[in-house]
Each structure stands twice: as structure tokens, then as C-alpha cells.
Amino acid sequence: MATGLLTQIRNMFEGDPGVRKVADDPVLSAELLLLFRMILADGVASESEMVAFRRICTEAFGIAEGSIDAVVEYLNEFGYETNGSQAIAMFRDLDVERRRQLARHMADIAKADSHLAENEVKLLRRTLDLLGISPVDVVKPAT
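Now for a quick tour of the structure. All values reported here derive from a predicted model rather than from experimental measurement.

Considerations on the packing of helix 4 (residues 47–61) against helix 5 (residues 68–78)
Okay, so step 1: Two elements in contact, helix 4 and helix 5, have axes whose closest approach is 11 Å; the angle formed by their N-to-C orientations is 105°. Here helix 4 lies roughly perpendicular to helix 5, going by the angle between them. Across the interface between the two elements, Phe53, Arg54, Cys57 and Thr58 of helix 4 pack against Ile68, Asp69, Val72 and Leu75 of helix 5.
Okay, so step 2: For the contact of helix 4 with helix 5, the per-class residue count stands at 5 nonpolar, 1 polar and 2 charged.

Written out as C-alpha cells, the structure is:
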């Protein structure tokens, strides 16, 4: 009980730890923004896409489940400052495996609702082109 209260007090002064993590890492912020663009590419933010997004946040980036809503709110408030091209530009100089990871995450979101909409395919294809990633790399398991 006391630990939970101390955590709440700390979060009031320092902010949510998941939001701090995202705010302090421009590449992570860019990836989450691109994942959100993929969620919205077909015009519908489905529950299955949000479940995939939450899974990626926790498994790939170590963002606590309890922080994800605050992270989404942060991205909604500050994400308008970064467009898709700017977000992708942050990945161009990263190693190829990190770029592949972004592409796989985007594909996971696109496939989450069991329907690939034309706009999702276009967004993924454009992202792959800009990152210099082959579509084959998206379907191969990570090494």
C-alpha cells in the first residue's frame, strides 16, 4: 500500500515513467508515432490493433502496461510536431536490424485486425522503401 502511494507521489512530480522513457528517446517516440499512423491508416483504430500496439510497447520497449495510456496521451499531445517523413528520417542511419524491427512492428499492427487495407499496404511499402528494407525482411524472423 505504502509503495503504491509513494509511486503515485513520485509520478505526480516526475511524471509517468513510461512517458519519461518515450520523451527522452526520440527514436522510440518516432517509432511509436509511426505505429500509430499504421493503426490509423485504414481509418479505424481497431481493438486488435491496439492490443498489438500494447504488446509491442511492453515486450519490445519495456513500457509498463500501466503507462501505455499515458504514453498514448503524450503522443497525441506532442506527436503533431513530427510528421511521418521526419519520424522515418530518424531510422535511416540506424543499423539494418533496428530498421527491420520497425518494419516488423508496423506489419504486426497492419495484420492485427486480419485485414490489410490498401492504405496500410501503401504506408508499409513507402516506409520500407525509405528505410531501404526488403519486404522479405519483414516476414523473416529476427536474427
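Picking up after the structure, the text goes on.
What to know about helix 8 (residues 118–131)
Okay, so step 1: The end-to-end C-alpha distance of helix 8, which contains 14 residues, comes to 20 Å, matching closely the 20 Å that a straight helix rising 1.5 Å per residue would cover.
Okay, so step 2: If you check which residues of helix 8 are buried, you get Glu120, Leu123, Leu124, Thr127, Leu128 and Leu131. The buried residues of helix 8 all sit within an arc of 130° when viewed along its axis, so they share a single face. In this structure, helix 8 carries Glu118 and Asp129 as exposed residues pointing more than 90 degrees from its buried face.
Okay, so step 3: Elements that come into contact with the buried residues of helix 8 comprise helix 3 (26–40), helix 4, helix 6 (84–89), helix 7 (96–111) and helix 9 (135–139).

Conventions we followed
Residues numbered from 1 in each chain as written. Predicted model: local features only at pLDDT ≥ 70, side-chain atom pairs only at ≥ 80, totals over all residues. Heavy atoms only, no water. Axes fitted to C-alpha atoms, helices over the stretch in contact; angles between N-to-C directions. Helix = DSSP H or I, 4+ residues; strand = E, 2+ residues; numbered from the N terminus. Parallel < 35°, antiparallel > 145°, perpendicular 65-115°, else oblique. Contact = heavy atoms within 4.5 Å. Nonpolar A, V, L, I, M, F, W, Y, C, P; charged D, E, K, R; others polar. Expected span 1.5 Å × (residues − 1). Buried < 20%, exposed > 50% of the residue type's maximum accessible area, 1.4 Å probe, protein only. Arc of directions from axis to C-beta.

Structural measurements only, silent on function.
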